[in-house]
Amino acid sequence: MAFVLARVERPPGLETLLDRQGALDAFDVDLARRQLLPDLVLVADGQRRAGRGGGLVLTVEVQSRTNGQKRWRIPHYQAALADEHARETWVVVVSFSAAVSRQLAAWAETGPPRFEVIVLDASRVPVGCDMAKALARPSAAVLGAALHACRGDLDAARWGLEVVSRLPAERRMRDATTILAAVDKDMRLTLIKEFPFAPDDDRLMEIERRSGTYHLGHEEGLEKGREQGLAEGRRHVLKTMVLALLELRGLTVSELERARIDRETGVEVLERWAELARTATHASALFEQS
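All values derive from a computational prediction rather than experimental measurement.

Caption draft 1: Just the side chain of lysine 239, in detail. The residue lysine 239 is located in helix α11 (residues 230–248) in this model. At 2.5 Å, the side chain of lysine 239 and the backbone oxygen of aspartate 262 are in polar contact. For lysine 239, the side chain forms a polar contact with the main-chain oxygen of glutamate 264, separated by 3.1 Å. Sequence-distant contacts of lysine 239, that is, excluding residues within four places in its chain, are made with Ile261, Asp262, Glu264 and Leu270.

Next comes the structure, spelled out in structure tokens:
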């Protein structure tokens with residue numbers, strides 16, 4: 001999808017998405033250091049072609065504000081992942097800010113190390129196309145709605161949620177949460193009232209308390225941190241991160257599993273669960289490996 005939206009020629013020979021996520025931080029127990037590493041790494045397999053490797057590595061960064069340190073970190077991610085997987089390695093940055101997009105474009109004109117990324121932002125990802133096209137490519141539709149909604153475009157958010165309402169039930173919560181996380185609190189409450197999803201999506205109404213995205217939980221966690229102390233706020237953020245990773249990867253979390261995460265108070269345990277949630281094939285694997 002990233003190559004199509006950015007109008008970049010798609011690398012040949014991509015047949016199989018490997019059942020694993022490559023990550024530079026797979027065995028790093030230092031949470032602060034892990035936050036300096038890529039947001040997501042995907043590895044795809046493929047046939048080797050003349051002059052080109054088989055498959056590729058795709059590392060994804062999501063940025064809503066400018067960060068000068070990314071000028072040096074992103075080339076490092078690309079080189080380290082290319083060395084680890086011996087595949088062509090591409091970097092995609094999803095930009096939720098015009099300032100971020102301008103900064104990325106400026107870095108592409110600077111000297112070594114070479115800065116080369118695919119930028120997906122509101123200028124490149126359309127919104128409001130006809131419903132048939134949107135349903136044929138729902139991931140692109142949801143991304144476009146989120147990118148435009150974060151700039152205050154309420155109609156874009158409404159259009160995206162209309163697309164989501166027509167998707168299979170198992171992905172509605174995840175995709176709706178992606179759009180709702182991109183807007184401010186007042187707009188989010190308006191949209192939740194306007195889109196009363198089916199009963200199987202009742203969890204959407206809890207978005208203010210327990211979101212499927214990191215930044216909503218982070219916002220609430222910071223507030224709790226101010227009220228109850230830094231340790232409690234950190235625990236809350238980690239619990240939200242664990243649930244976010246599981247939900248965004250499409251894994252079902254039972255009420256018992258959710259309750260176990262909620263009542264855990266050990267920061268080290270929660271950090272370990274957050275790490276395991278990146279690669280676990282089912283939610284209960286967190287507790288088995290613990």
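Caption draft 2: Layout of the pairing of strand β3 (residues 56–63). Counting buried positions along β3 gives seven out of eight residues, so the element sits mostly inside the fold. One ladder, built from eight bridges, connects β3 with strand β4 (residues 88–95); its direction is parallel. Within β4, the residue paired with valine 60 across the bridge is valine 92. Once you follow β3 into helix α3 (residues 70–85) and on to β4, the crossover reads as right-handed.

Caption draft 3: Region of the structure containing the packing of helix α7 (residues 154–165) against helix α9 (residues 185–194). α9 packs onto α7 with a crossing angle of 40 degrees between their chain directions and a minimal axis gap of 11 Å. You can see that α7 and α9 cross each other, and the crossing is right-handed. On the side of α7, the interface is formed by Leu154, Ala157, Arg158 and Leu161, while α9 contributes Met187, Leu191 and Glu194. Its residues assigned to classes, the contact of α7 with α9 shows five nonpolar, no polar and two charged.

Caption draft 4: Broad picture of the pattern of salt bridges. What the rule picks out here adds up to seven salt bridges. Of the charged contacts, one joins glutamate 116 and arginine 114 as a salt bridge, the two residues approaching to 3.2 Å between their closest N and O atoms. Among the residues examined, arginine 114 registers a relative accessible area of 64% and is labelled exposed. Of the charged contacts in the structure, one is a salt bridge between aspartate 175 and arginine 171, with a shortest N-O distance of 2.7 Å. Here the residue aspartate 175 and the residue arginine 171 both occupy positions in helix α8 (residues 169–180), the gap between them amounting to four residues, near one helical turn. Classification of arginine 171 by relative accessible area gives buried; the value is 18%. When salt bridges with common partners are traced through the structure, they connect Asp155, Arg158 and Glu194 into a single cluster.

Caption draft 5: Structural view of the packing of aromatic side chains. Tallying each qualifying case throughout the model produces two aromatic pairs. Between tryptophan 107 and phenylalanine 115, the ring centres sit 5.3 Å apart and the planes meet at 80 degrees, which makes this aromatic pair edge-to-face. Here the two residues tryptophan 107 and phenylalanine 115 agree in accessibility, since each one is buried. Residues tryptophan 273 and phenylalanine 287 carry aromatic rings whose centres are separated by 5.0 Å and whose planes lie at 80 degrees to one another, so their mutual orientation is edge-to-face. You can see tryptophan 273 sitting in helix α13 (residues 267–276) and its partner phenylalanine 287 sitting in helix α14 (residues 285–289), a full 14 residues away along the chain.

Caption draft 6: Representation of the packing of α7 against α8 in the model. Between α7 and α8, whose axes approach to 9 Å, the crossing angle comes to 175 degrees. In terms of orientation, α7 and α8 fall into the roughly antiparallel class. Taking contact as the criterion, the partners of Ala157, Gly160, Leu161, Val164 and Ser165 in α7 are, on α8, Arg172, Asp175, Ala176, Ile179 and Leu180. Residue composition of the contact of α7 with α8, grouped by class: six nonpolar, two polar and two charged.

Caption draft 7: How the structure looks around the nonpolar core. Among the nonpolar cores identified, the biggest contains 20 residues, and Trp159, Leu161, Val163, Val164, Ile179 and Leu191 are the most heavily contacted of them. Mapped onto this core, the elements with two or more residues apiece are α5 (131–136), α6 (138–149), α7, α8 and α9. Element by element, the count of residues in this core is highest for α7, at five residues. If sequence neighbours within four positions are ignored, isoleucine 179 has contacts with Val142, Ala145, Ala146, Ala157, Gly160, Leu161 and Val164. Ranked by size, the runner-up nonpolar core spans 18 residues in total, among them Leu246, Leu270, Ala274 and Ala285.

Here is what the cut-offs are and how they apply
- Residues numbered from 1 in each chain as written.
- Predicted model: local features only at pLDDT ≥ 70, side-chain atom pairs only at ≥ 80, totals over all residues.
- Heavy atoms only, no water.
- Helix = DSSP H or I, 4+ residues; strand = E, 2+ residues; numbered from the N terminus.
- Polar contact = N/O pair within 3.5 Å; in protein donor to acceptor, adjacent residues only side chain to side chain.
- Contact = heavy atoms within 4.5 Å.
- Buried < 20%, exposed > 50% of the residue type's maximum accessible area, 1.4 Å probe, protein only.
- Pairing = 2+ DSSP bridges.
- Right-handed = clockwise from strand over helix to strand, strands pointing away.
- Axes fitted to C-alpha atoms, helices over the stretch in contact; angles between N-to-C directions.
- Left-handed = near helix turned anticlockwise from the far one by under 90°.
- Nonpolar A, V, L, I, M, F, W, Y, C, P; charged D, E, K, R; others polar.
- Salt bridge = Lys/Arg side-chain N within 4 Å of Asp/Glu carboxyl O.
- Phe/Tyr/Trp six-rings, centres within 6.5 Å; stacked < 30°, edge-to-face > 60°.
- Parallel < 35°, antiparallel > 145°, perpendicular 65-115°, else oblique.
- Core = buried A, V, L, I, M, F, W, Y, C linked by side-chain atoms within 4.5 Å.

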